[in-house]
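# Working through the structure, step by step
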Amino acid sequence: MQQSEESSNPSRSQARSRSYYLRHQEELKHKNREYHALNKDKVLAYRAANRDKRKEYQRQWHLKHKEHEAAYAKQRRLLFPEKTRLISRRSQEKRKEAARAAMKIWRQSHTEELRENLVRWREANKEHIRDYALAYRARPENKERHALNQRRRKALLRSLPATLTFAEWKEIKAAYDYCCAYCGEKPEVLSMDHVIPVSRGGGTTKDNIVPACLPCNRQKNAGTRALMRVVGGNEGR
Ligand SMILES: [Zn+2]
């Protein structure tokens, strides 16, 4: 790599070492690989200590061999189109991954700024956000999800457990055969009712939520009402 010792006639010594390299190419490659395998830590330490130097050397090398490299690469692409495609796809994925990773780091070091941006954006798009949320909630498939989120938030605001999932809510409704857990009627709309109300420490969990018709849900004697039997013998919730 360095020519300081042979500076008297660099081109001649370069030619000599090049011809030596070409004659012993395989052997040298093998030796090199062996050395790397045996001295991994040493090699890595050297690389880390000389990162800038190595980078600069590589840069210079590429500059010097630019045309040759381009021609060689072109030849390879023509000879191995499949492999070329694979390599380009892989490097594309790698670049994407690297970009994602870099973005993540950037976000982590700009949380304050991002939060402010979000607040500003929300402020500027208030109406749009509200309209979007209303339209989203109005869709039948989202109505119940919204209701569930509200129940969960209610519990979380009091630091109560809020583990009920949408799938669990569906199971609970089925277990009650889609009837109100208190009066046994089958209403059009089944609401989620906390057996032990949040105000008395009941969480939004699968053991504390039952389906209820709206009139039963609105009754204020919460926690003292008798539950209907659960269909399928799943009593004792
Ligand atoms: Zn009812």
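Residues numbered from 1 in each chain as written. Predicted model: local features only at pLDDT ≥ 70, side-chain atom pairs only at ≥ 80, totals over all residues.

## Some details on the overall build of the chain
Note the threshold: A run of H or I in DSSP becomes a helix once it reaches four residues, and a run of E becomes a strand once it reaches two; helices and strands are each numbered from the N terminus. Three exposure classes are used, all based on how many other C-beta atoms lie within 10 Å of a residue's own C-beta (placed from the backbone): buried at 20 or more, exposed at 12 or fewer, and partly exposed between those limits.
In terms of helices and strands, the chain carries eleven helices and two strands. Listed N to C, the secondary structure of the chain is α-α-α-α-α-α-α-α-α-α-β-β-α in terms of helices and strands. Here the chain holds 237 residues, and the buried ones make up 10% of them.

## Thoughts on the nonpolar core
The line we're drawing: We call a set of buried Ala, Val, Leu, Ile, Met, Phe, Trp, Tyr and Cys residues a nonpolar core when their C-beta atoms link them within 7 Å. Note that contacts rest on C-beta atoms placed from the backbone: two residues are in contact if these are within 7 Å.
Counting residues in hydrophobic clusters, the biggest one holds twelve residues: Leu164, Trp169, Ile172, Tyr176, Cys180, Ala181, Leu190, Met192, Ile209, Val210, Ala212 and Cys213. Contributions of two or more residues to this core are made by helix H10 (166–175) and strand E2 (209–212). Considering each element in turn, this core owes the most residues, three residues, to E2. With near-sequence residues (within four places) excluded, Ile209 lies in contact with Leu164, Trp169, Ile172, Met192, Asp193, His194 and Thr204.

## Regarding the confidence of the model for the chain
Heads up, the condition is: pLDDT measures the predictor's confidence residue by residue and takes values from 0 up to 100.
Residues with a pLDDT of 70 or more make up 90% of the chain, whose mean pLDDT is 88. Segment residues 1–6 is flagged for pLDDT under 50; beyond a separation of four residues in sequence, or across chains, it makes three contacts in the model. Taken as a whole, residues 232–237 scores under 50 in pLDDT and shows seven contacts with residues more than four places along the chain or in a different chain.

## Quick notes on unusual backbone geometry
Even without being glycine, Asp177 reaches a positive phi, approximately 55°. Mapped onto the secondary structure, Asp177 falls in the loop between H10 and strand E1 (191–194). Judged by local crowding, Asp177 falls into the partly exposed class, with 13 C-beta atoms found within 10 Å. Positioned with a positive phi, Tyr178 is a non-glycine residue whose angle comes to about 60°.

## Remarks on the pairing of E2
The condition is simple: The criterion for strand pairing is that DSSP finds at least two bridges linking the strands in question.
Here E2 shows a buried face lined by Ile209 and Pro211 and a second buried face lined by Val210 and Ala212. In this structure, E1 lies alongside E2, joined through four bridges in antiparallel fashion. What sits directly across from His194, in E2, is Ile209.

## Looking at helix H5 (residues 66–79)
Put simply, the rule is: An expected span of 1.5 Å times one less than the residue number is assigned to each helix.
With 14 residues, H5 ought to run about 20 Å at 1.5 Å a step, and its terminal C-alpha atoms sit 20 Å apart, in line with that. For H5, the buried fraction is low: zero of the 14 residues fall into the buried class.

## Observations regarding helix H7 (residues 111–124)
Every α-helix carries 3.6 residues per turn, so stepping three or four residues along brings you back to the same face. Look at H7: 20 Å from first C-alpha to last across 14 residues, which is about the 20 Å you get at 1.5 Å a residue. Counting buried residues along H7, only zero of its 14 residues qualify, which leaves the element largely exposed.

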